[in-house]
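Single-letter residue listing:
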Amino acid sequence: MSILHRFLKCLKNCHKPRARGISVSPPKLSPIRTFHTLVFGKYLLHTNIISSGVLMWLGDLCQQEIEYRQRKILKRYDYGRMTRMFIVGLGLGPIHHYYYLYIAKIMPKRDLSTVFIKIGLDQFFMSPVCIAAFFYSMGMMEMKHLKQMNDEILAKFVDVYVIDWCVWVPTQFINFYIIPVKYQVFYINAVTMLYNVFLSYIKHVDADHFLQEEGLLEKPSVSMLQTSEGKTL
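Residues numbered from 1 in each chain as written. Predicted model: local features only at pLDDT ≥ 70, side-chain atom pairs only at ≥ 80, totals over all residues. Heavy atoms only, no water.

Focus on the nonpolar core
(1) Moving on: Formed by 29 residues in total, the largest nonpolar core has its most connected members in Tyr 100, Phe 134, Phe 135 and Val 160.
(2) Moving on: Listing elements by their share of this core, those giving two or more residues are α4 (79–106), α5 (112–141), α6 (146–177) and α7 (181–203).
(3) Moving on: Broken down by element, this core gets its largest block of residues, 8 residues, from α5.
(4) Moving on: Setting aside its immediate chain neighbours within four residues, Val 160 contacts Ile 131, Phe 135, Tyr 195, Phe 198, Leu 199 and Ile 202. (Core = buried A, V, L, I, M, F, W, Y, C linked by side-chain atoms within 4.5 Å. Buried < 20%, exposed > 50% of the residue type's maximum accessible area, 1.4 Å probe, protein only. Helix = DSSP H or I, 4+ residues; strand = E, 2+ residues; numbered from the N terminus. Contact = heavy atoms within 4.5 Å.)

Quick look at α7
(1) Moving on: Along its 23 residues, α7 runs 31 Å from first to last C-alpha, staying within 8% of the 33 Å computed at 1.5 Å per residue.
(2) Moving on: Most pronounced at Leu 194, the bend in α7 amounts to some 40°. (Expected span 1.5 Å × (residues − 1). Bend = angle between axes of the 7 residues up to and from the residue.)

Let's talk about the packing of α4 against α5
(1) Moving on: At a minimum axis separation of 10 Å, α4 and α5 run at an interaxial angle of 155°. Looking at the two axes, α4 sits roughly antiparallel to α5. Between α4 and α5 the crossing geometry is right-handed. For the pair α4 and α5, the contacting residues are Arg 84, Met 85, Ile 87, Val 88, Leu 92, Ile 95, His 96, Tyr 99, Tyr 100, Ile 103 and Ala 104 in the first and Lys 118, Leu 121, Asp 122, Phe 125, Met 126, Cys 130, Ala 133, Phe 134, Ser 137, Met 138 and Met 141 in the second.
(2) Moving on: Tallied by class, the residues present in the contact of α4 with α5 amount to 17 nonpolar, 2 polar and 3 charged. (Axes fitted to C-alpha atoms, helices over the stretch in contact; angles between N-to-C directions. Parallel < 35°, antiparallel > 145°, perpendicular 65-115°, else oblique. Left-handed = near helix turned anticlockwise from the far one by under 90°. Nonpolar A, V, L, I, M, F, W, Y, C, P; charged D, E, K, R; others polar.)

Looking at the packing of aromatic side chains
(1) Moving on: All told, the structure shown has 11 aromatic pairs when counted by the stated rule.
(2) Moving on: Where Phe 157 meets Tyr 161, the ring centres are 5.3 Å apart and the plane angle is 25°; that geometry is what we call stacked. In this pair, Phe 157 and Tyr 161 are both assigned in helix α6, 4 residues apart and thus about one turn of the helix distant.
(3) Moving on: The exposure class assigned to Tyr 161 is buried, which follows from its relative accessible area of 18%. (Phe/Tyr/Trp six-rings, centres within 6.5 Å; stacked < 30°, edge-to-face > 60°.)

Some details on empty space enclosed by the protein
(1) Moving on: Counted according to the given criterion, the structure contains 2 cavities of 30 Å³ or more.
(2) Moving on: Taken as a whole, the largest cavity encloses approximately 300 Å³ of empty space.
(3) Moving on: Lining the largest cavity are 23 residues, with His 96, Cys 130, Trp 168, Thr 192 and Tyr 195 sitting closest to its centre.
(4) Moving on: Of all elements in the fold, only α3 (44–69), α4, α5, α6 and α7 reach the threshold of two or more residues within the lining of the largest cavity.
(5) Moving on: A breakdown of the residues in the lining of the largest cavity according to their chemical character gives 13 nonpolar, 8 polar and 2 charged.
(6) Moving on: Counted as a void, the second largest cavity has a volume near 40 Å³.
(7) Moving on: Elements supplying a minimum of two residues to the lining of the second largest cavity: α3, α4 and α7.
(8) Moving on: Take the lining of the second largest cavity: its biggest share by element is 5 residues, from α7.
(9) Moving on: Per-class residue counts for the lining of the second largest cavity are 6 nonpolar, 3 polar and 1 charged. (1 Å grid on protein atoms, 1.4 Å probe; cavity = no way out; pocket = protein on both sides within 12 Å on 5 of 7 lines; lining within 4 Å. Points joined across faces, edges and corners; volume = space filled by probe spheres on them.)

As structure tokens, this is what we get:
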């Protein structure tokens, strides 16, 4: 083959279109986007459980700080109490996770009628269940008898349930009408942190015995506990 022939063949090949290589590897995500995908995707259940526990703990931490500044408790932080609140929060996490996924699956619409049905289910079914689960779980970790737990719920349920309606009806309207399903439990947990301050107060409202035991709060005398007939209560 002559040199001229080789040159012409090489020139001809240069004008042929070349096939471009197509990358089959997925595009790399930024660290923030990767973290977001894992937290609210693959590990959504773990996110909901941990956030529920941490925010329950944080709510109790805030309430203990308030009680300490008001001189209702001697120790600034009761770590046993905080741990119990954290554990109860962890236990409520899966309940919320599967409940909101389930109602989103059976009622996927976001129209007003569907939203109000969800709010009704939440207030008449989910709220009483969660309130009862909270008090019974805390009672068991406090080594209380069943009668003591029943008495506590009977004494405090109405107050908690009334506040529950005031807080959660507008909160759940926003949740069901606007918030995407995968963020709903996290949104609920964020609002719950503020609600947990009240819940911790109601749960530990009789904590004045700390001051009584140290003699910093006067215990009621026998004369103060007598009825008008002179009988001791």
